[in-house]
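# Chain and residue survey
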Amino acid sequence: MRTIEQYADEYARLGALEFRREHGRPALVGMGIVGELRDNSRGRSGTLRMQPASGTVSARSLVGRIWPVTKGQNGPLGPAISGGRASSNDIVLPDFTISNHHFHFRYEAMRIVLIDLGSTNGSHVNGQRIDPERRVPIPNGAKLTFGRYQFEFMTSQGFLSAVADVAGMPGGPRLGL
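Keep in mind that this is a model prediction, so the values were computed, not measured. Per chain, the residues get numbers from 1 upward, laid out in the order the sequence is written. Given that this is a predicted model, residues contribute local features only at a pLDDT of at least 70 and side-chain atom pairs are listed and counted only at 80 or more, while totals for whole chains, interfaces and linings are drawn from all residues. Heavy atoms throughout the structure, all of them, feed into the side-chain values; hydrogens and water do not.

### A look at the overall build of the chain
Tallying secondary structure elements over the chain gives three helices and 13 strands in all. Should any heavy atoms of two residues lie within 4.5 Å, those residues are counted as being in contact. Nonlocal contacts in the chain, meaning residues at least 24 apart in sequence, comprise 49% of its contacts between residues at least 6 apart. About 8,900 Å² of surface is accessible on the chain, with carbon and sulfur atoms providing 50% of the total. Strands here mean DSSP runs of E at least two residues long; helices mean DSSP runs of H or I at least four residues long; both are numbered from the N terminus. For the area figures, the Shrake-Rupley method with a 1.4 Å probe applies, and any residue is considered shielded solely by the protein chains shown.

Spelled out as structure tokens, the structure:
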């Protein structure tokens, strides 16, 4: 996991076009903790149950960290980009409030959709829990919650623009998803 400042340094070193070739994909940016642990009860795969907190709590190890939304070396075969606690996911979020196999991202009709896989604590888009297996389109800037952690979803264009801004090159390359 890298920070946006680390990506910005690379952007400044490589230039816009080369950076876009290497990193032009959607991303999740860690924002903080939005849930509290509920006693020590656990779900079916050892996932700790949680309840919403009254506000976002900053978590130093998570805030500003970036997970590219892309197929990983250890992820399952197929078109879905998997996410969860287990190391066999494309996006690994190692926390016991996140299920082993928590969610999928899929590209559908020029957009990205999020699918909750029946996780213990659910997946939320902009504060609304989504039903398991329901495909929900995810726009740039959406706040996603998995377990007790909140992330900001950035499309490839949103991510490239944010990195360009931090690198001191406002505007950045304009791309679609």
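### Re the pattern of salt bridges
We count a salt bridge whenever a side-chain nitrogen from Lys or Arg sits within 4 Å of a carboxyl oxygen from Asp or Glu. For the coordinates displayed, the defined rule picks out seven salt bridges. Here R2 makes a salt bridge to E10, at a shortest N to O gap of 2.4 Å. Residue E108 is joined to R106 by a salt bridge in which the shortest nitrogen-to-oxygen separation is 3.8 Å. Members of the salt-bridge network, linked through shared partners, are R106, E108 and R135.

### A few points about the layout of surface pockets
Buriedness of a pocket was judged along seven lines, with at least five required to meet protein on both sides within 12 Å; pockets are open sets of points on a 1 Å grid over the protein atoms alone, cavities are sets where a 1.4 Å probe fits but cannot get out, and lining residues have an atom within 4 Å of a point. Grid points are joined across faces, edges and corners, and a volume is the space filled by probe spheres set on the points. Reported here for the largest pocket is a volume of approximately 310 Å³. Lining the largest pocket are 17 residues, and of these M1, I66, W67, P68 and D90 sit closest to its centre. Sorting the residues of the lining of the largest pocket by element identifies β4 (65-68) and β6 (91-92) as the ones contributing at least two each. Among the elements that line the lining of the largest pocket, the one with the most residues is β4, at three residues. Residue composition of the lining of the largest pocket, grouped by class: ten nonpolar, three polar and four charged. Side-chain classes follow a simple rule in which Ala, Val, Leu, Ile, Met, Phe, Trp, Tyr, Cys and Pro form the nonpolar group, Asp, Glu, Lys and Arg form the charged group, and the remainder, Gly included, forms the polar group.

### What about the pairing of strand β5 (residues 81-84)?
For a regular strand, side-chain orientation follows a simple rule: the groups alternate between the two sheet faces. Only protein chains enter the calculation, and the probe is 1.4 Å; a residue is then buried if its accessible area is under 20% of its type maximum, exposed if over 50%, and partly exposed in between. Burial along β5 is two-sided: the face carrying I81 and G83 and the face carrying S82 and G84 are both buried. Across two bridges, β5 lies against β6 in parallel orientation. The residue bridging G83 from the neighbouring strand is I91, located in β6. By the convention used here, strands pair only if DSSP detects at least 2 bridges between them.

### Points about the sheet that holds strand β8 (residues 111-116)
Pairing is mixed across the open sheet formed by five strands, whose spatial order is β6-β5-β7-β8-β11. Looking at which strands have only one partner, the edges of the open sheet turn out to be β6 and β11 (135-137). Pairing analysis gives three bridges linking β5 to strand β7 (residues 103-108), with the strands arranged antiparallel. Bridging across to β7, I81 finds its partner in F105.

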